[in-house]
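The residues making up each chain are set out below.
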Amino acid sequence: MSVLEVAALRREVGQAQILRGIDLKVEPGEAIGIIGPSGSGKSSLLRCIAGLDPIVSGRVLVAGKAAVPGDGAIGMVFQHFGLWPHLTARENVALALKLVRKLPRKEADAKAEAALARVGLSAQAGRKPAGLSGGQQQRVAIARTLAMEPRVLLFDEPTAALDPELTTEVLDVIRDLAAAGTTMLVVSHEMGFIAGLSSRVMFLDHGQVVQVAPPREMFGPDAEPRVKGFLKTYLDRVAWAQG
Amino acid sequence: MMAVFSDSMVAAARGLPVTLIIWLTAVAAGMALGFAVGALRFFAPRAVVWPLVAVVEVVRGTPFLVQCFLLYFGGPFIGIDLSPPLAGFLALSVYGAAYFSEIFRAGFLAVPPAQLEAARLLGLSRMQIVWRIMLPVMALGVLPALTNLAVILIKETAVLSIITVPEFTFRLQAVGSASFAVVETTLVLALGYWALTEATAFLARRVEKRIERALAA
Amino acid sequence: MTWEFVQEALPPMLWATLATLWSSAGAVLIGLVLGAPLAAAAMARHRWALVYISFFRGVPLLVQLLLAYFALPFLGIDLPAIVAGVGTMGLCCAAYMAEILRGGLALVPHSGIEAARLLGLTPTQILLRIRLPIAIQAMRPAILGEAIMIVKASSLISVVGILELTRSAQALAASTFMPLESYALCGAIYLIINLALSLLTRGRPA
Ligand SMILES: Nc1ncnc2c1ncn2[C@@H]1O[C@H](COP(=O)(O)OP(=O)(O)O)[C@@H](O)[C@H]1O
Ligand SMILES: [Mg+2]
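Things to note about the overall build of chain B
Per the secondary structure count, chain B includes eight helices and zero strands. Listed by position from the N terminus, the elements making up chain B come as α-α-α-α-α-α-α-α. Its C-alpha atoms give chain B principal-axis dimensions of about 70 × 50 × 20 Å. When the 217 residues of chain B are sorted by exposure, 44% land in the buried category. Within chain B, contacts between residues separated by at least 24 positions form 77% of all contacts whose residues are at least 6 apart in sequence. Summing over all exposed atoms, chain B offers an accessible surface of approximately 11000 Å²; the carbon and sulfur share of this is 72%. Within chain B, the 11 negative side-chain charges are centred at a point lying 11 Å from the centre of the 15 positive side-chain charges.

As structure tokens, this is what we get:
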């Protein structure tokens, strides 16, 4: 059975059609890469799946049940981390374990330490976000989500706010999670990373799915013209930048 | 009841002008003095700045009521014997000036140093820099804080009733204790001040908008 | 100031200092406890909260105190002067705290709140554990500034007969015929309290 099922999902804000009927089935352990031009609806899709943005029609099922934000079924990692600045890394991870999972303090802290260890931040557990680099902050955010053991993890441009030299440490963590069988949807402009990570890649444009295909196909010569057009401007830019 | 009402109206008609005159003159005097102090803190030599800072801190660190008592009851012992309204005006002006000076100082600090250095290199005098560069550059930024303080000072005028300045609060309290209708007169007081501060704040926002537009054009 | 004056003045003034301190502390405490939900309600644009804030910020504290002290007994509510005094200051302080906290709450990043929602925290938990702590930390200087305002405003409860610093200085001025010295001493004590409070703002980095 699919762990995530999105069917005929539509989102409108006033007159604007932001998502025009999205269908997607995700099997356990899959990593779905999502690419597309800016404004195509990638963030909106993730936010609708998480239940943060309301939809006008369609449905989102997690393990066969409608997901409600906060029920723990779906975890999300944001571009701007969303860490709580008044709490240390450990407290950031442990808070929901205490308040939502009602774990006793000791257990919650132990679980938080384990999650931080998994993203390589054991040594920084006692620091507040302001004392961490951007890459470390994003890894804490990942640990915070991981600790709640969601069925599906969503990443919305997790490295877009980071300096280039800090992206690797975050991408490595996501890659490790995927290798360990975490089901995830990842929006990113790091094409090489998406190609290596994904079981399937989805290309969105104007709120619609243009193509869903394995990376080999999506990044190969037989992709849809619109996809090729997008990837071409993308690669041209990279080539130009590299002189 | 009717009598209390008409007495209140008479009292308000006598007291409100006193409140408004003391307030307006004290705001004007306090703002001028505050501006001078704020500018001096920037340009004057240390020996002048130090005592100025001390005075400002003392005024800001003590209750307005105690300042009024000190001036009104203590003043005569050192030859300062003022009528209640004059003492009230003076106390409110000095109190306001301390806070106004802090607003202007913050405004001066917010002027980008490069603009001042450019003016100095071009040979503008200190006064010219203050009037022609700093004041216009910071005017818009400090305007909301200035009007906010002006509204706060309206409320402080009520304290002057305690040193028997015949203003709004004093007059209505007198009616209240004479007629035993304290509830009614105190309510009139509360509503009167509420209307006054809200109206002033509203007007101030409109003036701010207009000035903003005029400066933007 | 003569030695005799200081000897006579100091004991009662120090006692009165305690009264000023604890009545101010009580008012600030009430202000923070009521100010937090008030700020949340004002942010949600609940009319009553906006009217409350406008009233308590728009009417002089002295008039509020007169209202509580004179008008409430007429309505059959008879409060001890100290309760009326500290309570009124607290209600007034709440309006200012609400404005401060409202500014602080607006600074809380949206993604932090969404993350909390997704992790399953309830709206109350999000307010108490995430939004308020962030707002209070960001607004600590303003909150301490408000505490200083309250210490000064507490001089007004002398009007309803509470023996705090200002009232005590009045008594001293009357018994010694030395108003200048009495009020100067009184002002100096306020100044020391407030300097100590403002040092708190500067100490301890966030
Ligand atoms: N709350 C909203 N109100 C109005 N328009 C929105 C809202 N959220 C997103 N949009 C619009 O929907 C489109 C898709 O946005 P988004 O999902 O953020 O795209 P992407 O993440 O692919 O860049 C954009 O044109 C954006 O302006
Ligand atoms: Mg986006």
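Let's pick the thread back up.
With respect to the interface of chain C and chain B
Each side of the interface is counted separately: chain C has 33 residues, and chain B has 35 residues. Of all residues in chain C, the largest losses of buried area upon contact with chain B belong to Lys152, Leu180 and Tyr183 of chain C, amounting jointly to 19% of the total for that side. Our count for the chain C to chain B interface comes out at zero salt bridges. At the junction of chain C with chain B, the criterion picks out eight residue pairs in polar contact (both at pLDDT 80 or more). For the side of chain C that touches chain B, the secondary structure elements donating two or more residues are α2 (47–58), α3 (61–74), α7 (140–153), α8 (165–176) and α9 (179–202) of chain C. By residue number, the principal contributor to the side of chain C that touches chain B is α9 of chain C, which donates nine residues.

Some points on the pattern of salt bridges
Close approach of charged atoms allows side chains with opposite charge to pair. All names here are of chain A. Tallied over the entire structure, the rule returns 15 salt bridges over all chains. Glu30 is the salt-bridge partner of Arg200, the closest N and O atoms lying 2.8 Å from each other. Here Arg200, found in strand β9 (residues 200–205), pairs with Glu30, found in the loop between β2 (16–26) and β3 (31–35); they are 170 residues apart in sequence, far enough to count as distant. Residue class for Arg200 comes out partly exposed when judged on its relative accessible area of 23%. The class of Glu30 is buried, set by a relative accessible area of 12%. Linking Arg139 and Glu169 is a salt bridge whose minimum nitrogen-to-oxygen distance equals 2.6 Å. Of the two residues, Arg139 is situated in helix α4 (residues 134–146) and Glu169 in helix α5 (residues 164–179); the sequence distance between them amounts to 30 residues.

Looking at unusual backbone geometry
One can expect most non-glycine residues to show negative phi and most peptide bonds to be in trans. If you check the backbone angles, Ala8 of chain A has positive phi at about 50° while not being a glycine. Here Ala8 of chain A is to be found in strand β1 (residues 4–13). In this model, Thr164 of chain B sits at a positive phi of 60°, which is unusual for a non-glycine residue. Mapped onto the elements of the fold, Thr164 of chain B is located in the loop between α6 (126–157) and α7 (168–179).

Considering empty space enclosed by the protein
Going through the model one piece at a time under the given rule, you end up with three cavities of 30 Å³ or more. The calculated volume of the largest cavity comes to roughly 70 Å³. Met76, Val77, Phe78, Phe81, Ala141, Arg144 and Thr145 of chain A together with Ala115, Leu118 and Leu119 of chain C are the residues that line the largest cavity. Elements represented by at least two residues in the lining of the largest cavity include exactly β6 (74–77) and α4 of chain A together with α5 (110–118) of chain C. When residues of the lining of the largest cavity are assigned to their parent elements, the largest contribution, three residues, is made by α4 of chain A. In terms of residue class, the lining of the largest cavity is made up of eight nonpolar, one polar and one charged.

Remarks on the interface of chain A and chain C
Opposite the 24 residues of chain A that make contact, chain C presents 16 residues. Between chain A and chain C, the buried area comes to about 1800 Å², and carbon and sulfur atoms account for 67% of it. Of all residues in chain A, the largest losses of buried area upon contact with chain C belong to Trp84, His86 and Leu99 of chain A, amounting jointly to 31% of the total for that side. In this structure, the connection of chain A to chain C is made through one salt bridge. The shortest N-O distance in the salt bridge between Glu114 of chain C and Arg47 of chain A comes to 2.5 Å. Our count for the chain A to chain C interface comes out at three residue pairs in polar contact (both at pLDDT 80 or more). Of all the secondary-structure elements, those providing two or more residues to the side of chain A that touches chain C are α1 (42–50), β6, α2 (89–99) and α4 of chain A. Counted by class, the side of chain A that touches chain C contains 13 nonpolar, seven polar and four charged residues.

Quick notes on the pairing of β2 of chain A
A regular strand carries its side chains on alternate faces of the sheet. Residues and elements named next belong to chain A. The sheet contact formed by β1 and β2 spans eight bridges and is antiparallel. If you follow Arg10 over to β2, its bridge partner there is Arg20. Remark: two residues form the turn of the hairpin made by β1 and β2, two consecutive strands paired antiparallel; Gly14 in that turn has positive phi of roughly 60°.

Here's the deal with the side chain of Glu157 of chain A
Residues and elements named next belong to chain A. With respect to the helices and strands, Glu157 occurs in the loop between β7 (152–156) and α5. For the buried Glu157, no salt bridge is present, and the opposite-charge side chain at shortest range is Lys42, 4.6 Å distant. With near-sequence residues (within four places) excluded, Glu157 lies in contact with Lys42, Gln79, Val187 and His189.

Observations regarding α3 of chain C
Between its first and last C-alpha atoms α3 of chain C spans 20 Å; for 14 residues at 1.5 Å apiece the expected length is 20 Å, and the two agree. Looking at α3 of chain C, one finds that the buried residues are Leu61, Leu62, Val63, Gln64, Leu65, Leu66, Leu67, Ala68 and Ala71 of chain C. Those residues of α3 of chain C that are buried are in contact with α7 and α8 (182–216) of chain B together with α2, α4 (81–107) and α7 of chain C. One or two steps after α3 of chain C, the chain reaches Gly76 of chain C, where phi turns positive at roughly 85°.

As for a nonpolar patch on the surface
Residue and element names in this part refer to chain C. On the surface, a nonpolar cluster with roughly 1000 Å² of combined accessible area is contributed by Trp15, Leu18, Leu21, Trp22, Phe74, Leu75, Ile77, Leu79, Ile82 and Val83. For the nonpolar patch, the secondary-structure elements that each account for two or more residues are α1 (3–43) and α4. Counting residues per element, the nonpolar patch draws most heavily on α1, which supplies four residues. Tracing the backbone shows Ile77 in the loop between α3 and α4. Given the relative accessible area of 40%, Ile77 is considered partly exposed.

The rules we used
Note on numbering: residues in each chain are counted from 1, in written sequence order. As they are written, the chains are lettered A onward and the ligands numbered 1 onward, keeping that order. Local features in this predicted model are restricted to residues of pLDDT 70 or higher, and side-chain atom pairs are both shown and tallied only at a pLDDT of 80 or more, whereas totals for entire chains, interfaces and linings draw on every residue. As a rule here, side-chain values cover all heavy atoms of the structure and leave hydrogens and water aside. The helix count covers DSSP runs of H or I at least four residues long, the strand count covers runs of E at least two residues long, and both are numbered beginning at the N terminus. Think of it in three bands: with a 1.4 Å probe and only protein chains considered, a residue is buried below 20% of the maximum accessible area for its type, exposed above 50%, and partly exposed in between. Two residues form a contact once any of their heavy atoms are found within 4.5 Å. Only the protein chains shown count as cover for residues, with accessible areas throughout obtained via the Shrake-Rupley method and a probe of 1.4 Å. In this tally Asp and Glu are treated as negative and Lys and Arg as positive; neither His nor the chain ends contributes. In this description, the location of a charge corresponds to atom NZ of lysine, CZ of arginine, CG of aspartate or CD of glutamate. Buried surface area refers to the total accessible area, computed with a probe of radius 1.4 Å, that the two partners give up upon joining, counted for both partners together. What makes a salt bridge here is a side-chain nitrogen of Lys or Arg within 4 Å of a carboxyl oxygen of Asp or Glu, nothing more. In the analysis that follows, any N or O atom pair within 3.5 Å is treated as a polar contact, provided that within protein one partner can donate a hydrogen and the other can accept it, and provided that, for residues neighboring in sequence, both atoms belong to side chains. Detection works on a 1 Å grid of protein atoms alone, calling trapped sets that fit a 1.4 Å probe cavities and calling open sets with protein on both sides within 12 Å along at least five of seven lines pockets, with lining residues defined by an atom within 4 Å of a point. Grid points are joined across faces, edges and corners, and a volume is the space filled by probe spheres set on the points. Polar here means any residue other than Ala, Val, Leu, Ile, Met, Phe, Trp, Tyr, Cys and Pro, which are nonpolar, and Asp, Glu, Lys and Arg, which are charged; Gly is therefore polar. Following DSSP output, two strands are said to pair if at least two bridges run between them. An expected span of 1.5 Å times one less than the residue number is assigned to each helix. For patches, a residue must show more than 30% relative accessible area and have no salt bridge; joins then use 9 Å for like charges and 5 Å for nonpolar side chains, namely Val, Leu, Ile, Met, Phe, Trp and Tyr.

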